[in-house]
Every structure is written in C-alpha cells, then in structure tokens.
Amino acid sequence: MNTRYPRVEINLSHLKENAEFVVGKCAEQGIDVFGVIKGTTGIPECARQFADGGCKGIASSRLEQIEDTRAFGVDKPYLLLRVPMLSEVEDVVRLTDYSLNSELVVLEALNKEAARQGKIHKVILMADVGDLREGFWDKDEMADVAVKVEKEMDNLELAGVGTNVGCYGSLLPTVEKLEELVAIAENIEAKIGRKLEYISGGGTSSFMRVLDGNIPERINHLRIGEVILLALDLSLYYGYDLSAMHQDVYTLKAEVIEVKTKPSVPVGELGVDAFGHTPEYPEKGMRRKVLLGMGKVDFGSIEEIFPRDPGIEILGASSDHTILDVTDSKVDYKVGDIVEFTINYASIVYVTNCRNVRRVFV
Ligand SMILES: *Cc1c(COP(=O)(O)O)cnc(C)c1O
C-alpha cells in the first residue's frame, strides 16, 4: 500500500520552517498568528507543524478538522473561521475556544449552549470592510451587538473584532482598510470601557502589510494559511521575495501507465468529451504521449497542477487519467516511472481530501 500512487508527499520540516518564518515576522510587529489548516484538509501531522512552528492557535473553517487535530494531541487554542451554522452550535462550543461571528441569533445560541456546557466561549465579531463575504455591513448594528455580548451574554467573552479580505471581492488589505477596522474596534472599546484582546486583520494577504512594515499598530492577530503551506501567492501575484521560505512542501506524484506515439488530433467524427465539452485539438503531427494513473477526481483541474519537468505539457484529463505530451522532454519516460507536480491552493485542497491519493510525510 505504501508504494502506491498517486500520492502527495508532504515535507513536514519545511512546513514547520515556513510557520516559523511567518510567526517570526509577525512577532516583530506584535502580532499573534493562528495557523489555518483548512487548505491541507486539517491533516493533524500538518497542524502539528503549525503549532511547533510557533503559531499561537490553530484555525479551520471545518469542525471535523478541529476535532481530529485535537484528538491527535495538538494542544492549542482553536478558532472556527467560518461563521457558525445554527445546527453546529453545540459542537462549536465543545470543540473550539474562539469563533468568528456576524449574526445575533447565532451569538444568542452560542451563549445558551456555552451555559449548558458550563463554558465561556470567546467570540470575534466580523466587520465587512468591502470584500462582501461574511461580516457586519452596518457598523452601528455591529457595535450594538458587541455591547449586547459584553453586557448580556454571560457565557460569551467578546474577544475582539476581525475582518476578512481578498476571498470573494479580491479586496486588498490596504493600510486604509485595516485602519478602518481599528477604528471600528476602538469605537466598540469606548462603548464597553475596555480594550479588546484581538483585532484580527485577515489572512495571508494581510501578511503583505507585515512584510512592508506598515500594518497598523493595533492589529495584533492574523489567521494565516496559504503563505505557510505554499508560499506561492504573494510572490506570484504581488512580487514579494519569499526566497527564505519553502515552496516545495507539497509534491504530487503519479505513475506512468502507458507511453505511446499518437496523433495530436482525435481521429474520426467528434462529439463531446467526458465532461460534455468539445476542446480544441491543435494539429502538431505525431507526438510522444504519456498516460498517468491519476485524473480529475484526484486533483480537480489540470490548470492547478504544474509538472516539475519543463518538457511536459498537460494535454488533458478525464476522471482517472491524465494525458501528457512529453515529446519535448529530455526524459525518456517508461511505464512505471513517476511524474512529479507542484500544486497550488486549489489543487492541494483536492489532493489532501481525496482518499485515492496517499499521504506520505517526508
Ligand atoms: C481561509 C481563511 C483564512 C486564511 O486564509 P489564507 O489566505 O489561507 O491565509 C483566514 N480567515 C478566514 C475567515 C478564512 O476563511
């Protein structure tokens, strides 16, 4: 079983070093990092690297992942990232220390459930500063709810306020947007007469402000996943130098099951492919083709996986097969050879979630 493919190899020490780098940079600016494990499907061995790398807490959008990681023995404060469903309130109180929230009715349910379980549950209220996913749009309503939590909900602790950007609305965490969040926090602090524990300024994209050294001083909490897991987006899209980090934590490996020379255009009358599409097939003559025992079921989309051999072109995939053109490769591929791919955030989620893909820690 251990020799089987496809597999995703995860370099745990590189993952830990990435966490250490991010935690170190944030610590210089007084910021606690909660490591976000949802990108890697909450694999407990990965979560442990976030913890060992110095993350103050562990965060996920999924309670199942938090439950598994807790059971594995990663002993840290846990934060639920996705605003809770009413139907999961009992488990939120049971499994997490903090949750992000935006609805009064959910807060009331959390308070009631926390009382039932004899706990104090910490909440961070989310402000929508323009990205248009979760959070209060009306900041007066938000302040009213904050005061209600503080004064009337005995089993909740108002731990802070937060925001999320760059997920739906592709909003950038500019200094102005983060100052807007600080102003929202300070307005609430004035109303409740004390300082909040956390002002949570976002995820990986807000780490750009840490790297630039211009994150507003009162932001003291970030929830970071991608840059620790992959260290890819900030260098690829925004040109940041992340050469001190590892971009090779994850390697996807698949096995060659056929090698043949075939035409570049299907032969005969064309209808639709396995997914109802009729792709373009450029005429390039006879080509050397490799078939892999791995398909869309394993990684999602061919746009999201990147062969490490620059001589490989991915021609397409069906559910369980991937077709490569290796004519320009220096490697003479044979049946049984292993082909390696770099993966991005979209495919790491698939690959780590897929029971066909073995997880191997290196
Ligand atoms: C996923 C998520 C994050 C982490 O995002 P990254 O870009 O992976 O750092 C932070 N906050 C919330 C609310 C999230 O859903």
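Residues numbered from 1 in each chain as written. Predicted model: local features only at pLDDT ≥ 70, side-chain atom pairs only at ≥ 80, totals over all residues. Heavy atoms only, no water.

Identification of the protein as Putative amino acid racemase from Aminicella lysinilytica is taken from an unreviewed UniProt entry. UniProt annotates the protein under Cofactor (unreviewed entry) with the comment "pyridoxal 5'-phosphate". (UniProt positions renumbered as here; feature names shortened; annotations may be inferred.)

**What about the overall build of the protein?**
Of the regular secondary structure elements, the protein holds 12 helices and 16 strands. Each of the three principal axes of the protein carries a C-alpha extent, and together these read 75 × 40 × 40 Å. Counting over 362 residues, the protein shows a buried share of 49%. Sequence-distant contacts, at least 24 apart, represent 65% of the contacts inside the protein between residues at least 6 apart. Accessible area for the protein stands at about 16,700 Å²; split by element, carbon and sulfur atoms hold 48% of it. In the protein, 41 side chains carry a positive charge and 58 a negative one; their mean positions are 4 Å apart. (Helix = DSSP H or I, 4+ residues; strand = E, 2+ residues; numbered from the N terminus. Buried < 20%, exposed > 50% of the residue type's maximum accessible area, 1.4 Å probe, protein only. Contact = heavy atoms within 4.5 Å. Areas by Shrake-Rupley, 256 points an atom, 1.4 Å probe, with all protein chains shown as cover. Lys, Arg positive; Asp, Glu negative; His and termini not counted. Charge placed at Lys NZ, Arg CZ, Asp CG, Glu CD.)

**Let's talk about the environment of tyrosine 333**
The residue tyrosine 333 is located in the loop between strand S14 (322-325) and strand S15 (338-343) in this model. Residue classification places tyrosine 333 among the buried residues on the basis of a relative accessible area of 8%. Once residues lying within four places of it in the same chain are set aside, the contact partners of tyrosine 333 are Val256, Val259, Val290, Asp309, Ile312, Val326 and Val339. At a separation of 2.6 Å, a polar atom in the side chain of tyrosine 333 contacts the side chain of aspartate 309. (Polar contact = N/O pair within 3.5 Å; in protein donor to acceptor, adjacent residues only side chain to side chain.)

**What to know about the site of the ligand**
Taken together, 13 residues surround the ligand, and among them Lys38, Thr204, Arg223, Gly225 and Glu226 come closest. The separation between an oxygen atom of the ligand and a polar side-chain atom of threonine 204 is 2.6 Å. In the model, an oxygen atom of the ligand is placed 2.8 Å from a nitrogen or oxygen of the glycine 225 main chain. Among the residues forming the shell around the ligand, the class breakdown is four nonpolar, four polar and five charged. (Near = heavy atom within 4 Å. Nonpolar A, V, L, I, M, F, W, Y, C, P; charged D, E, K, R; others polar.)

**Examining helix H5 (residues 104-116)**
In this model H5 runs 18 Å from its N-terminal to its C-terminal C-alpha over 13 residues, within 8% of the 18 Å that 1.5 Å per residue would give. Within the sequence span of H5, burial applies to Val106, Leu107, Leu110, Asn111, Glu113 and Ala114. For H5, the secondary structure elements touched by its buried residues are helix H4 (89-95), strand S5 (98-101), strand S6 (121-126), helix H6 (139-152) and strand S7 (156-162). Looking one or two places after H5, you find glycine 118, whose phi comes out positive at around 65°. (Expected span 1.5 Å × (residues − 1).)

**Notes on the pattern of salt bridges**
This structure, assessed with the given rule, holds 22 salt bridges. Among the salt bridges present, the one from aspartate 32 reaches lysine 56, with a minimum N-O distance of 3.9 Å. Pair noted here: aspartate 32 is in strand S2 (residues 32-36) and lysine 56 is in the loop between helix H2 (44-52) and strand S3 (57-60), with a separation of 24 residues, a long-range link. Relative accessible area serves as the criterion here: at 21%, aspartate 32 is assigned to the partly exposed category. (Salt bridge = Lys/Arg side-chain N within 4 Å of Asp/Glu carboxyl O.)

**Comments concerning the packing of aromatic side chains**
The relative placement of two aromatic rings is captured by the distance of their centres and the angle of their planes. This model, assessed by the stated rule, comprises three aromatic pairs. With a centroid separation of 6.1 Å and 45° between ring planes, the pair formed by tyrosine 98 and tyrosine 198 is classed as tilted. Taken together, the positions of tyrosine 98 in strand S5 and tyrosine 198 in strand S8 (residues 198-200) put the pair 100 residues apart, joining distant regions of the chain. We note that tyrosine 98, like tyrosine 198, is buried. Grouped by ring-pair contacts, the aromatic residues Phe34, Tyr98 and Tyr198 constitute a single cluster. Here the guanidinium or amino end of arginine 7 rests over the ring plane of tyrosine 5, the centre of that ring lying 4.4 Å away. (Phe/Tyr/Trp six-rings, centres within 6.5 Å; stacked < 30°, edge-to-face > 60°. Lys NZ or Arg CZ within 6 Å of the ring centre and 35° of its normal.)

**Some points on the domain arrangement of the protein**
When cut into domains, the protein gives domain 1 (12-238) and domain 2 (250-361). Counting residues at the interface gives 13 residues for domain 1, matched by 10 residues for domain 2. Between domain 1 and domain 2, the buried area comes to about 1,000 Å², and carbon and sulfur atoms account for 69% of it. Scanning the region where domain 1 abuts domain 2 turns up zero salt bridges. Linking domain 1 with domain 2 are two residue pairs in polar contact (both at pLDDT 80 or more). Partitioning the side of domain 1 that touches domain 2 into residue classes produces seven nonpolar, three polar and three charged. (Domains from an automatic or database assignment. Buried area = accessible area lost by both parts, 1.4 Å probe.)

**Things to note about the packing of helix H1 (residues 12-28) against H2**
Packing of H1 against H2 brings their axes to within 8 Å, and their N-to-C directions diverge by 35°. Seen along the crossing, H1 lies across H2 with a hand that is right-handed. Seen from H1, the contacting residues are Leu12, Leu15, Lys16, Ala19 and Glu20; seen from H2, they are Glu45, Cys46, Gln49, Phe50 and Asp52. Residue classes in the contact of H1 with H2 are distributed as five nonpolar, one polar and four charged. (Axes fitted to C-alpha atoms, helices over the stretch in contact; angles between N-to-C directions. Left-handed = near helix turned anticlockwise from the far one by under 90°.)

**Re a nonpolar patch on the surface**
Taken together, the side chains of Leu172, Leu236, Tyr237 and Tyr238 make up a nonpolar region of the molecular surface, amounting to roughly 450 Å² of accessible area. Tracing the backbone shows tyrosine 238 in helix H10 (residues 233-238). On the accessibility criterion, tyrosine 238 (44% relative accessible area) is partly exposed. (Patch = residues over 30% accessible without salt bridge, like charges linked within 9 Å, V, L, I, M, F, W, Y side chains within 5 Å.)

**Digging into the UniProt feature "domain: Alanine racemase N-terminal" (unreviewed entry) in the protein**
The residues that UniProt annotates with the feature "domain: Alanine racemase N-terminal" (unreviewed entry) are residues 10-228. Between the first and last C-alpha atoms of residues 10-228 the distance is 13 Å; the span itself is 44% helix and 17% strand.

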